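Structural description and commentary
In case you want the letters, here they are:
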Amino acid sequence: MPERPPAAGNPHSLIRLMTWLSPAFPVGGFAYSGGLEAAVVEGHVCEAGDLAVWLDTLLVAGPLRNDAILLAEAHRAFNDSGRLSQVADLAGALAGSAERYQEVVRQGDAFLAAASAWPQPQMAPLHADTAYGVAVGAVSAANGVALADALVAFLQAQCAQLVSAAIRLGIIGQTQGVGILAGLEPAVLRQAEETCGLGLNDLGSATVIADVLSMRHESQYSRLFQS
C-alpha cells in the first residue's frame, strides 16, 4: 500500500486550494460535460435522481475515481521528475476517447498556466498535455496542500462542474443542484479517504455506458459542450 504523505504545514495551502478550484479559476471547465450531454440526449439521465446516481457511480467506479488515483500518485511524486513525468504520460494514455483526452489535457494545461503565478521548480517535468488531475496533484503537493484536502476539493469541484452542466442542459434547477451536491458529500469524503491509500495498481473502471456515451458525443449533431 502506498505510503501516505504527512499533513501539510503551509499556512497558505487552504487559500491557494480555494483559488485553484474556484469556478472563477481559468481552466475552462464550463465548456465540458464529461459525456453527460450525451447521457441526457440519449435518455440515461433525465432528472435529479438520475443525475445523483450517475455522479455517485463516476465517483466510486468510473473516471472520477481514476482521476483521483492519478492525482494522488502525482502528489506523492511531485519531487521526483522521472516518476512524475511517467504519471503524466499514463494519465493521457488512459483517456477513453478523443474528447475525454482533450477535456483532461486542456484543463490540465490551463491549470498549470494559471498556477504559474505560484512558481515551483518541481513543475518542470509537467509538459504540455498534462491531465488535469495530475496537474492538481503535483501543484498541490509542491505548495504544501495535504493529499486528503486536495482530493476532497478536486472531487467536489468535478461534481459541481457536472451539476452546473446539468443545470445548463435543463434537467435540473439550481436548488436541485445544491441538493445533489449536499447528498454527494459522504461519497466525496469517503472516496477521498479511500484514494489516499490507493496506487496505480488500483486503476480501473466499470462505467462502460459512460465511456461509450463520451465517444458518441464526438459525432452528436447539436452540442452545447465540447465533451
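We now turn to the structure provided with this report.

What follows covers the pattern of salt bridges. One pass over the structure, following the stated rule, counts 3 salt bridges. A salt bridge links Asp67 to Arg100, with the nearest nitrogen and oxygen atoms 2.8 Å apart. Here Asp67, found in helix α4 (residues 63-76), pairs with Arg100, found in helix α6 (residues 98-115); they are 33 residues apart in sequence, far enough to count as distant. Assigned by exposure class, Asp67 and Arg100 land together as buried. Across the pair Arg76 and Glu73 runs a salt bridge whose closest N-O atoms are separated by 3.3 Å. Separated by 3 residues within a single helix, Arg76 and Glu73 lie in helix α4, roughly one turn from each other. Grouping residues by exposure puts Arg76 and Glu73 together as buried.

We now examine the packing of aromatic side chains. For any two aromatic rings, the description comes down to two numbers: the centre-to-centre distance and the angle of the planes. For the coordinates displayed, the defined rule picks out 3 aromatic pairs. On the basis of an interplanar angle of 65 degrees and a centroid distance of 6.2 Å, the ring pair of Trp20 and Phe111 is categorised as edge-to-face. Of this pair, Trp20 sits in helix α1 (residues 13-20) while Phe111 sits in helix α6, placing them 91 residues apart in sequence. For the pair Trp20 and Phe111, one class covers both residues: buried. Ring plane angle 70 degrees and centroid distance 5.5 Å describe the contact between Tyr132 and Phe154, whose orientation is recorded as edge-to-face. Taken together, the residues Tyr132 in helix α7 (residues 132-142) and Phe154 in helix α8 (residues 147-168) connect sequence positions 22 residues apart. In this pair, the class of Tyr132 matches that of Phe154, namely buried. An aromatic cluster is defined as three or more aromatic residues linked by ring pairs; in this entry it consists of Trp20, Phe111, Tyr132 and Phe154.

What counts, and where the lines are drawn
Residues numbered from 1 in each chain as written. Predicted model: local features only at pLDDT ≥ 70, side-chain atom pairs only at ≥ 80, totals over all residues. Heavy atoms only, no water. Salt bridge = Lys/Arg side-chain N within 4 Å of Asp/Glu carboxyl O. Helix = DSSP H or I, 4+ residues; strand = E, 2+ residues; numbered from the N terminus. Buried < 20%, exposed > 50% of the residue type's maximum accessible area, 1.4 Å probe, protein only. Phe/Tyr/Trp six-rings, centres within 6.5 Å; stacked < 30°, edge-to-face > 60°.

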